[in-house]
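# Observations on the three-dimensional arrangement
Here is what each chain is made of, one letter per residue.
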There are 2 protein chains.
Amino acid sequence: MEVQTIQPGGPKIHTLIASDRVEGTPVRRPSGEKIGTVQRLMIDKLSGNVAYAVLKFGGFLGMGQKHLPIPWARLKYDLAQEAYQVDLSDDELSRAPAYETDEEFDWGDRSQEIVIHRYYRVPHYWGI
Amino acid sequence: MEVQTIQPGGPKIHTLIASDRVEGTPVRRPSGEKIGTVQRLMIDKLSGNVAYAVLKFGGFLGMGQKHLPIPWARLKYDLAQEAYQVDLSDDELSRAPAYETDEEFDWGDRSQEIVIHRYYRVPHYWGI
């Protein structure tokens, strides 16, 4: 969290962002390469935790337009780049659980969520 | 969390909601009375916690149109009513920290955030 202390130019720390501003935020690799944008966040209504950022990307790796639900725990916010950062190789991106633009992911199916968390090797946001 | 087990009609548990769907969700008192809608959520970029729901309400209690940042911890999601529930009296609503529509709340000013949390008697979302 040291990133909070290196805000240049003043004492103010803007760590809050409006939900309607997150949509469209770029998602980049640590190298700075843009791999897509955040389409929306999926929020656990009961706990108030952001469970996933849905990464929208298209025309990259010849994959067409896809939506990837990425567990929040796998994203870092990079204040300097004003972008979310995710460290996924081309191969990982192409194998990641995804759904098509006009298809509805079944958010009520926890077995699909388990697949996602296993893929990204992060703990579940539910329970615990 | 027993609410998760009483979902009627099937095994599916829809606890996730898209950020772009939360905006506009009604906010009601436990009695069912609607006191406003969620205008947006304020999300802590670094932790992924929802810090506030901004309650938009107007023409109620003669207060004009106001925006109230309410700590997430003070809202309950009522699956049956498909609304957020908050237990605030008329008097509490009229005294609550609020800002006008065209005014920008200074989200970078933590002293204002402390006032809000003290008012609603909930722990800070930051730190611990």
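What you see is a predicted model; the values in this text were computed from it and never measured. (Residues numbered from 1 in each chain as written. Chains lettered and ligands numbered in written order. Predicted model: local features only at pLDDT ≥ 70, side-chain atom pairs only at ≥ 80, totals over all residues. Heavy atoms only, no water.)

### Concerning the pairing of strand S3 (residues 34-44) of chain B
In terms of burial, S3(B) is largely enclosed, as eight of its 11 residues are buried. Across three bridges, the pairing between strand S1 (residues 16-18) of chain A and S3(B) is antiparallel. Bridge assignment links Ile17(A) to a residue of S3(B), and that residue is Ile43(B). Two strands pair when backbone bridges link them, and strand S2 (residues 26-28) of chain B and S3(B) are joined in this way by three bridges, in the antiparallel orientation. (Buried < 20%, exposed > 50% of the residue type's maximum accessible area, 1.4 Å probe, protein only. Helix = DSSP H or I, 4+ residues; strand = E, 2+ residues; numbered from the N terminus. Pairing = 2+ DSSP bridges.)

### Remarks on helix H3 (residues 110-120) of chain A
For H3(A), the set of buried residues is Glu113(A), Ile116(A), His117(A), Tyr119(A) and Tyr120(A). Along the long axis of H3(A), the arc covered by the buried residues comes to 160°, so they all point the same way. Buried residues along H3(A) sit against strand S4 (50-57), strand S5 (66-71) and helix H2 (90-95) of chain A together with strand S1 (16-18) of chain B. Residue Arg121(A) follows H3(A) closely and has a positive phi angle near 55°. (Arc of directions from axis to C-beta. Contact = heavy atoms within 4.5 Å.)

### Thoughts on the side chain of Glu113(B)
Inspection of the secondary structure puts Glu113(B) in helix H3 (residues 110-120). Among the polar contacts listed, one links the side chain of Glu113(B) to the side chain of Tyr52(B), at a separation of 2.6 Å. (Polar contact = N/O pair within 3.5 Å; in protein donor to acceptor, adjacent residues only side chain to side chain.)

### Here we look at the relation of the copies chain B and chain A
When chain B is fitted to chain A, the residual RMSD is 0.0 Å, and the transformation amounts to a turn of 180° plus an axial shift of 0.0 Å. Here the transformation between the copies is reduced to the relation of a two-fold axis. Ranked by how close their C-alpha atoms come to the rotation axis, the residues of chain B are headed by Asn49(B), at 2.5 Å. Interface residue correspondence from chain B to chain A reaches 100%, placing this contact among same-surface, isologous pairings. (Least-squares fit on C-alpha atoms with pLDDT ≥ 70 in both.)

### So, the pattern of salt bridges
Per the stated rule, a full pass over the model turns up 12 salt bridges over all chains. A salt bridge links Glu100(B) to Lys66(B); the shortest N-O distance between them is 3.8 Å. Taken together, the residues Glu100(B) in strand S8 (residues 99-100) and Lys66(B) in strand S5 (residues 66-71) connect sequence positions 34 residues apart. Since its relative accessible area comes to 36%, Glu100(B) is described here as partly exposed. Taken together, the shared-partner salt bridges connect Arg29(A), Glu33(A) and Asp90(A) into one network. (Salt bridge = Lys/Arg side-chain N within 4 Å of Asp/Glu carboxyl O.)

### Let's talk about the environment of Gly36(A)
Residue and element names in this part refer to chain A. Within the secondary structure layout, Gly 36 lies in strand S3 (residues 34-44). With relative accessibility at 9%, the residue Gly 36 sits in the buried group. For Gly 36, the residues in contact, after removing those within four places along its chain, are Thr 25, Pro 26, Val 27, Leu 55, Lys 56 and Phe 57.

### Comments concerning the interface of chain B and chain A
Listed per partner, the contact involves 36 residues of chain B and 36 residues of chain A. Contact with chain A buries surface across chain B, with Leu16(B), Lys45(B) and Leu46(B) losing the most and accounting together for 26% of the total. Applying the counting criterion to the chain B and chain A interface returns two salt bridges. With its nearest N and O atoms 3.0 Å apart, the salt bridge here joins Asp20(A) to Arg40(B). Elements with a contribution of two residues or more to the side of chain B that touches chain A: S1, helix H1 (19-22), S3, strand S4 (50-57) and H3 of chain B. The dominant element in the side of chain B that touches chain A, judged by the number of residues it contributes, is S3(B), at five residues. Split by residue class, the side of chain B that touches chain A holds 19 nonpolar, eight polar and nine charged. (Buried area = accessible area lost by both parts, 1.4 Å probe. Nonpolar A, V, L, I, M, F, W, Y, C, P; charged D, E, K, R; others polar.)

### Quick notes on the packing of aromatic side chains
Taken as a whole and judged by the stated rule, the model has 18 aromatic pairs over all chains. On the numbers, 5.8 Å between centres and 80° between planes, the contact of Tyr52(B) with Tyr125(B) is edge-to-face. Taken together, the residues Tyr52(B) in strand S4 and Tyr125(B) in the segment after H3 connect sequence positions 73 residues apart. Across the pair, exposure class does not vary: Tyr52(B) and Tyr125(B) are buried alike. Relative to Tyr84(B), the ring of Trp72(B) lies with its centre 5.5 Å away and its plane at 65°, an arrangement referred to as edge-to-face. Of this pair, Trp72(B) sits in the loop between S5 and strand S6 (76-78) while Tyr84(B) sits in strand S7 (residues 83-85), and the two are 12 residues apart along the sequence. Considered together, Trp72(B) and Tyr84(B) belong to a single accessibility category, that of buried residues. Members of the aromatic cluster, each reached through a chain of ring pairs, are Tyr52(A), Tyr99(A), Phe105(A), Trp107(A), Tyr125(A) and Trp126(A). The ring of Trp126(A) has Arg110(A) lying over it, and the distance from NZ or CZ to the ring centre is 4.2 Å. (Phe/Tyr/Trp six-rings, centres within 6.5 Å; stacked < 30°, edge-to-face > 60°. Lys NZ or Arg CZ within 6 Å of the ring centre and 35° of its normal.)

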